[in-house]
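Descriptive structure summary
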Amino acid sequence: MNTLLIVMALAIQPAVDGYVAEIQKWRAGREAALRADDGWLSVAGLYWLKEGINTAGSAASNDIVLPGAAPPRLGRFELKRQTVTFTAAPGVAAAEHEGLVRFGPLTMFPIKRGDRHAIRLRDTENARRREFRGLRWYPVKPEYRVRGRFIPHDERRVEIANVLGGTFEMINPGRIELTIDGHTVRLEALYETDEKEEFFLIFRDRTSETETYHAGRYLYADLPKTGSGAVVVDFNRAYSPPCAFTDYATCPLPPPQNQLPFRIPAGEKRP
């Protein structure tokens, strides 16, 4: 190796080491968020509401049957004109604050999916949380931090299928074109929130058959800087959707254009 190549190698190595450390720190934060009291591992129920009164408690006669940590009759959730309110049963000290209803290890709160309303339950004593043994990852590979090009079009609302057989309406501002292991693809980019602060990518590749979550994985990418279409898509940060950890999530699925016929062995493996 000549002197110039040696100097270049020595200059590159600290940058690679720093990048690997950055990804490892991000992955540790991802796992900590899953394990947290309000993480997806604590999600233990999803109860769709009917218009009017929905009783809740551990007794089987309730509309919403909660785990044994709840009293036989906790109270009632009322859905009226798109608004959900909670009233505790007499003598029950269930605390409601900013839309959250808490009783012991249980936390309940309303969510809306399309035109439907539901109560989502978190249980800090959930078995999946107690038995979780940690995430598994592919080794960090800098070559899967890929530079691409954002190709915008007029923003449009698209229907994205979810795991429950319904759909989400999401904003699609364009596509990201990039080349991965010799394959040039155009991934549909979405905005996950109305703030439009970053691109949300839902994709599936051939690793989903045996190594990564079967329904696909998620990934975020920074928006291109003003006047530039350049974007970076880092597959080392690809992660499993919430439905990989709980049966009570409403995960969106990859659109057909984002189902790739080759492997991307980077990011999070199947739990």
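This write-up is about the structure you can find in this document. What you see as residue numbers is a count from 1 along each chain, following the sequence as written. Since the coordinates come from a predicted model, pLDDT governs what is reported: local features require at least 70, and pairs of side-chain atoms require 80 or more to be given and counted, while whole-chain, interface and lining totals use all residues. Where side-chain values are given, they derive from all heavy atoms of the structure, hydrogens and water being excluded.

To continue, consider the layout of surface pockets. Empty space within the largest pocket amounts to approximately 660 Å³. Lining the largest pocket we find 27 residues, and of these Phe168, Met170, Glu192, Phe200 and Pro252 sit closest to its centre. Those elements that provide at least two residues to the lining of the largest pocket are α1 (3-35), β8 (106-113), β11 (167-180) and β14 (217-222). Comment: elements are numbered from the N terminus, with helices defined as DSSP H or I runs of at least four residues and strands as E runs of at least two. The dominant element in the lining of the largest pocket, judged by the number of residues it contributes, is β11, at 4 residues. For each structure, a 1 Å grid was placed over the protein atoms alone; sets of points admitting a 1.4 Å probe that cannot get out are labelled cavities, open sets with protein on both sides within 12 Å along at least five of seven lines are labelled pockets, and lining residues have an atom within 4 Å of a point. Grid points are joined across faces, edges and corners, and a volume is the space filled by probe spheres set on the points. In this structure, the second largest pocket spans a volume of roughly 420 Å³. Those elements that place two or more of their residues in the lining of the second largest pocket are α1, β10 (145-161), β14 and β15 (230-234). Counting residues per element, the lining of the second largest pocket draws most heavily on β15, at 5 residues. By residue class, the composition of the lining of the second largest pocket is 12 nonpolar, 1 polar and 8 charged. Each residue gets one label: Ala, Val, Leu, Ile, Met, Phe, Trp, Tyr, Cys and Pro are nonpolar, Asp, Glu, Lys and Arg are charged, and the others, such as Gly, are polar.

Attention now goes to the sheet that holds strand β6 (residues 95-97). The pairing criterion is simple: DSSP has to find at least two bridges between the two strands. The 5 strands lie next to each other as β1-β9-β8-β7-β6, forming an open sheet whose pairing is antiparallel. The two strands at the open ends of the sheet, each matched to only one other strand, are β1 (43-48) and β6. Each strand axis lies, on average, 25° off the axis of its neighbour in the sheet, ignoring direction. Relative to β8, strand β7 (residues 100-103) runs antiparallel, the two sharing 3 bridges. Along β8, the bridge assignment pairs valine 101 with methionine 108. Lines fitted to C-alpha atoms define the axes here, with helix axes fitted over just the stretch in contact, and angles between the N-to-C directions of these axes take values from 0 to 180 degrees.

Next up on the list: the sheet that holds strand β5 (residues 83-88). Pairing within the open sheet is mixed, and its 4 strands lie in the order β3-β2-β4-β5. Edge positions in the sheet fall to β3 (64-65) and β5, since each of these pairs with one other strand and no more.

All right, on to a negative patch on the surface then. On the surface, a cluster of negative charge is contributed by Glu192, Asp194, Glu195, Glu197, Glu198 and Asp222. If you trace the backbone, glutamate 198 turns up in strand β13 (residues 198-203). For glutamate 198, a relative accessible area of 33% corresponds to the partly exposed category. Patches were defined on residues exceeding 30% relative accessible area and lacking a salt bridge, with like-charge contacts within 9 Å and nonpolar side-chain contacts (Val, Leu, Ile, Met, Phe, Trp, Tyr) within 5 Å. Accessible surface area values rest on a Shrake-Rupley calculation with a 1.4 Å probe, where residue burial reflects the displayed protein chains alone. Note on definitions: salt bridges are taken to be side-chain nitrogens of Lys or Arg within 4 Å of carboxyl oxygens of Asp or Glu. When charges are counted, Lys and Arg contribute as positive and Asp and Glu as negative, whereas His and the chain ends are disregarded. Lys charges are placed at NZ, Arg charges at CZ, Asp charges at CG and Glu charges at CD. In this scheme, a residue with accessible area under 20% of its type's maximum is buried, one over 50% is exposed, and one in between is partly exposed, where area comes from a 1.4 Å probe on protein chains only.

Turning our eyes to something else, we now look at the pattern of salt bridges. One pass over the structure, following the stated rule, counts 15 salt bridges. For the salt bridge of aspartate 63 with lysine 50, the shortest nitrogen-to-oxygen distance reads 3.1 Å. With a gap of 13 residues between them, aspartate 63 in the loop between β2 (52-57) and β3 and lysine 50 in the loop between β1 and β2 connect regions that are remote in the sequence. Aspartate 63 gets classed as partly exposed once you look at its relative accessible area, which sits at 44%.

To qualify as a nonpolar core, a set must consist of buried Ala, Val, Leu, Ile, Met, Phe, Trp, Tyr and Cys residues joined through side-chain atoms within 4.5 Å. By size, the foremost hydrophobic cluster in this structure holds 24 residues, and its most contacted members are Ile176, Leu178, Ile180, Phe199, Val233, Phe235 and Ile264. Every element with two or more residues in this core is listed here: β10, β11, β12 (183-191), β13, β14 and β15.

Within the secondary structure, tyrosine 138 is located in the loop between α2 (127-131) and β10. According to the relative accessible area criterion, tyrosine 138 is buried, its value standing at 7%.

Here we come to the packing of aromatic side chains. In this analysis, rings of Phe, Tyr and Trp, with Trp reduced to its six-membered ring, are considered paired at centre separations within 6.5 Å, and the interplanar angle assigns stacked below 30 degrees, edge-to-face beyond 60, and tilted for intermediate values. For the structure shown, the criterion picks out 10 aromatic pairs. Between phenylalanine 77 and phenylalanine 86, the aromatic rings sit 4.9 Å apart at their centres with planes inclined by 45°, giving tilted as the arrangement. With centroids separated by 6.2 Å and ring planes inclined at 20°, the aromatic side chains of tyrosine 220 and tyrosine 239 adopt a geometry described as stacked. Placement of the pair is tyrosine 220 in strand β14 and tyrosine 239 in the segment after β15, with a sequence separation of 19 residues.

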